[in-house]
Amino acid sequence: MGQLDHEVDAPRGATSREWEVFVREDATDPLTHAGSVSAPAEEIAYEQATKLFGHAAVALWLCPADETRRYQDEALALDPGANDGDATMDESEMHAETLRGEDA
């Protein structure tokens, strides 16, 4: 294997924009968060998201992570009794959920 033309040692997202990926697996399914990709431009993010998450999707949505807002309270929670009645996530829980399936 030949030499790489550059080193990638920066933390994820340090050199690219983060994009949240949502997919719909069937026309009647709701959108679900599939994961995230890092890319400097929307076109590249779309290409990466399609390769990673598009194999079983009929719809794929990309949202810039820095423009995506998550709101969750007891009225929106699926399990209001979780976390002693506090349905919001702390930063580490949200980070773990966002990076599901990735080596952190």
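All chains use their own residue numbering, which begins from 1 and follows the written sequence. Local features in this predicted model are restricted to residues whose pLDDT is 70 or higher, and side-chain atom pairs enter the listing and the counts only when it is 80 or higher, whereas totals over whole chains, interfaces and linings include all residues. Excluding hydrogens and water, the side-chain figures rest on all heavy atoms present in the structure.

Topic: the sheet that holds strand 3 (residues 59–64)
(1) Moving on: Think of it this way: DSSP has to see at least two bridges between two strands before they count as a pair. To qualify as a helix, a DSSP run of H or I must reach at least 4 residues; to qualify as a strand, a run of E must reach at least 2; elements of each kind are numbered from the N terminus. Taken in spatial order, the 3 strands of this open sheet run 2-1-3, and their pairing is antiparallel. Two strands lie at the open edges of the sheet, namely strand 2 (32–39) and strand 3, each paired on one side alone. Strand-to-strand twist of the sheet, defined as the mean angle between neighbouring strand axes without regard to direction, takes the value 30°.
(2) Moving on: For strand 1 (residues 17–24) and strand 3, the ladder comprises 6 bridges, and the chain directions are antiparallel. The axes are straight lines fitted to the C-alpha atoms, using for helices just the contacting stretch, and the angles between their N-to-C directions are given from 0 to 180°.

A word on the pairing of strand 1
(1) Moving on: Sheet topology note: the strand 1/strand 2 ladder contains 7 bridges and is antiparallel. Along strand 2, the bridge assignment pairs Arg17 with Ala39.

A look at the pattern of salt bridges
(1) Moving on: By salt bridge we mean one thing: a side-chain nitrogen of Lys or Arg within 4 Å of a carboxyl oxygen of Asp or Glu. This model, assessed by the stated rule, comprises 3 salt bridges.
(2) Moving on: Among the salt bridges present, the one from Arg17 reaches Asp66, with a minimum N-O distance of 3.0 Å. Residue Arg17 is located in strand 1, and its partner Asp66 is located in the loop between strand 3 and helix 2 (91–98); the two are separated by 49 residues in the primary sequence.
(3) Moving on: Under the scheme applied here, a residue whose accessible area is under 20% of the maximum for its type counts as buried, over 50% as exposed, and between as partly exposed, the area being computed with a 1.4 Å probe on protein chains only. Here Arg17 falls in the partly exposed class, since its relative accessible area comes to 29%.

Things to note about helix 1 (residues 42–53)
(1) Moving on: Here the expected length of a helix is defined as 1.5 Å per residue gap, with one fewer gap than residues. Between its first and last C-alpha, helix 1 extends 15 Å over 12 residues, near the 16 Å set by a 1.5 Å rise per residue.
(2) Moving on: Of all the residues in helix 1, the buried ones are Ala45, Ala49 and Phe53. Down the axis, helix 1 shows its buried residues gathered within 30° of arc, on one side only. What points out from helix 1, more than 90 degrees from its buried face, is the exposed set Glu43 and Lys51. Each C-beta atom gives one direction from the helix axis, and the arc is the one those directions make.

Here we look at the packing of aromatic side chains
(1) Moving on: Only rings of Phe, Tyr and Trp enter the pairing, Trp through its six-membered ring, and a pair is recorded when the two centres are within 6.5 Å. The plane angle decides the type: under 30 degrees is stacked, over 60 is edge-to-face, the rest tilted. Tallying each qualifying case throughout the model produces 0 aromatic pairs.
(2) Moving on: Put simply, a charge is over a ring when the Lys NZ or the Arg CZ is close to the ring centre, within 6 Å, and near the line of the ring normal, within 35 degrees. The ring of Trp19 has Arg17 lying over it, and the distance from NZ or CZ to the ring centre is 5.2 Å.

Examining the environment of Glu47
(1) Moving on: One can find Glu47 in helix 1.
(2) Moving on: Using a relative accessible area of 46% as the deciding quantity, one classes Glu47 as partly exposed.
(3) Moving on: With 10 residues separating them along the chain, Glu47 and Val37 place their C-alpha atoms 9.9 Å apart.

Here we look at the confidence of the model for the protein chain
(1) Moving on: pLDDT is a per-residue confidence score from the predictor, ranging from 0 to 100. Taken as a whole, the protein chain shows an average pLDDT of 75; of its residues, 58% reach a score of 70 or greater.
(2) Moving on: We call two residues in contact whenever any of their non-hydrogen atoms come within 4.5 Å of each other. Confidence drops under pLDDT 50 across residues 4–8; counting only partners more than four residues distant or on other chains, this segment forms 0 contacts.

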